[in-house]
Amino acid sequence: MTMLSTAVVSSLDLRGYLGGSMQFKCKFGSFYARHEKYLCKGQSPGCVDLIRTSDQKRWVDNGRFSLYDGGEGYFNVSLAKLTLQDTGKYQCAVSLKAEIDTYVEINLVVTDGKSSVHD
């Protein structure tokens, strides 16, 4: 569980469909290229780690989650087999150890695809 204080860089609102998959990019400045990257669910403090890596230029997997650190100020996150329980707030973040972690807030909504919007 990540307990450090964090600073929001930006936020993304994403929609996925039950059983589907999604991929999104978390952008940070190139200054953070050599720092550990991670994705956690929830808000800080108390955000629960889902995947974490300090490896660059290769995909790292943890269950339904995958992370690719491009090493150039961004990293990609992939989530497979979406469930309704995946709905919620996430943080894709850069671990700065002694400093405040920097993160992009993700607001994910997973729907069953059967809902329709009426005007």
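Criteria and thresholds
Every residue gets a number counted from 1 within its own chain, in the order that chain's sequence is written. Predicted model: local features are reported for residues with pLDDT of at least 70 only, side-chain atom pairs are reported and counted for 80 or more only, and whole-chain, interface and lining totals are derived from all residues. The basis for every side-chain value is the complete set of heavy atoms in the structure, and neither hydrogens nor water enter the calculation. Each helix is a run of DSSP H or I of at least 4 residues and each strand a run of E of at least 2, with the numbering of both proceeding from the N terminus. Three labels apply to residues, based on accessible area from a 1.4 Å probe with only protein chains included: buried if under 20% of the type maximum, exposed if over 50%, partly exposed otherwise in between. What makes two residues a contact is simply this: any of their non-hydrogen atoms within 4.5 Å. Only the protein chains shown count as cover for residues, and the accessible areas themselves come from Shrake-Rupley with a 1.4 Å probe. Throughout, disulfides are identified as pairs of cysteine sulfur atoms within 2.5 Å of each other. The aromatic pairing rule takes the rings of Phe, Tyr and Trp, using the six-membered ring of Trp, and pairs them if the centres are within 6.5 Å, calling planes under 30 degrees apart stacked, those over 60 edge-to-face and the rest tilted. The rule for a charge over a ring is simple: NZ of Lys or CZ of Arg within 6 Å of the ring centre, and within 35 degrees of the ring normal. The term salt bridge refers to a pairing of a side-chain nitrogen on Lys or Arg with a carboxyl oxygen on Asp or Glu at a separation within 4 Å. Take the buried Ala, Val, Leu, Ile, Met, Phe, Trp, Tyr and Cys residues and link them wherever side-chain atoms come within 4.5 Å; each set so joined is a nonpolar core.

### Quick look at the overall build of the protein chain
Alright, step 1. Helices and strands together make up the secondary structure of the protein chain, namely zero helices and nine strands.
Alright, step 2. Along its sequence from the N terminus, the protein chain presents helices and strands in the succession β-β-β-β-β-β-β-β-β.
Alright, step 3. In the protein chain, buried positions account for 44% of the 119 residues.
Alright, step 4. By sequence separation, contacts in the protein chain at least 24 residues apart represent 61% of the contacts at least 6 residues apart.
Alright, step 5. Surface accessibility of the protein chain: about 6800 Å² in total, with carbon and sulfur atoms responsible for 50%.

### Quick word on the state of the cysteines
Alright, step 1. Inspection of every chain in the model, using the stated rule, returns two disulfides.
Alright, step 2. Across the disulfide, cysteine 26 is cross-linked to cysteine 92 (sulfur-sulfur distance 1.9 Å). In this structure, the disulfide formed by cysteine 26 and cysteine 92 twists by about -100 degrees around the S-S bond and is classed as left-handed. You can see cysteine 26 sitting in strand β2 (residues 22–27) and its partner cysteine 92 sitting in strand β8 (residues 88–94), a full 66 residues away along the chain.
Alright, step 3. Relative accessible area serves as the criterion here: at 0%, cysteine 26 is assigned to the buried category.

### Some words on the packing of aromatic side chains
Alright, step 1. The full count for this structure, using the stated rule, is four aromatic pairs.
Alright, step 2. Geometrically, the ring pair formed by phenylalanine 28 and tyrosine 32 is edge-to-face, given 6.3 Å between the ring centres and 80 degrees between the ring planes. An identical accessibility class is assigned to phenylalanine 28 and tyrosine 32; each is buried.
Alright, step 3. Taken together, a centroid distance of 5.4 Å and an interplanar angle of 40 degrees make the contact between tryptophan 59 and tyrosine 68 tilted.
Alright, step 4. Through a chain of ring-to-ring contacts, three or more aromatic side chains come together here, namely Phe28, Phe31, Tyr32 and Phe75.
Alright, step 5. Taking the ring centre of tyrosine 38 as reference, the NZ or CZ of arginine 52 above it sits at 4.0 Å.

### So, the pattern of salt bridges
Alright, step 1. One pass over the full model with this rule turns up seven salt bridges.
Alright, step 2. With its nearest N and O atoms 3.1 Å apart, the salt bridge here joins glutamate 72 to lysine 57. Of this pair, glutamate 72 sits in the loop between β6 (65–69) and β7 (74–79) while lysine 57 sits in the loop between β4 (48–53) and β5 (59–62); the two residues are 15 residues apart in sequence, bridging distant segments of the chain.
Alright, step 3. Look at lysine 57 and you get partly exposed, because its relative accessible area is 48%.
Alright, step 4. Between glutamate 105 and lysine 89 there is a salt bridge, and its shortest N-O distance comes to 3.8 Å.

### Regarding the nonpolar core
Alright, step 1. Counting 24 residues, the largest nonpolar core has Phe24, Cys26, Leu39, Cys92 and Leu108 as its most contacted members.
Alright, step 2. Elements with a minimum of two residues in this core: β2, β4, β6, β7, β8 and β9 (101–111).
Alright, step 3. No other element matches β9, which puts four residues into this core.
Alright, step 4. Tyr38, Cys40, Cys47 and Tyr103 belong to the second-largest nonpolar core, a separate cluster that totals five residues.

Shape descriptors only; they carry no functional weight alone.
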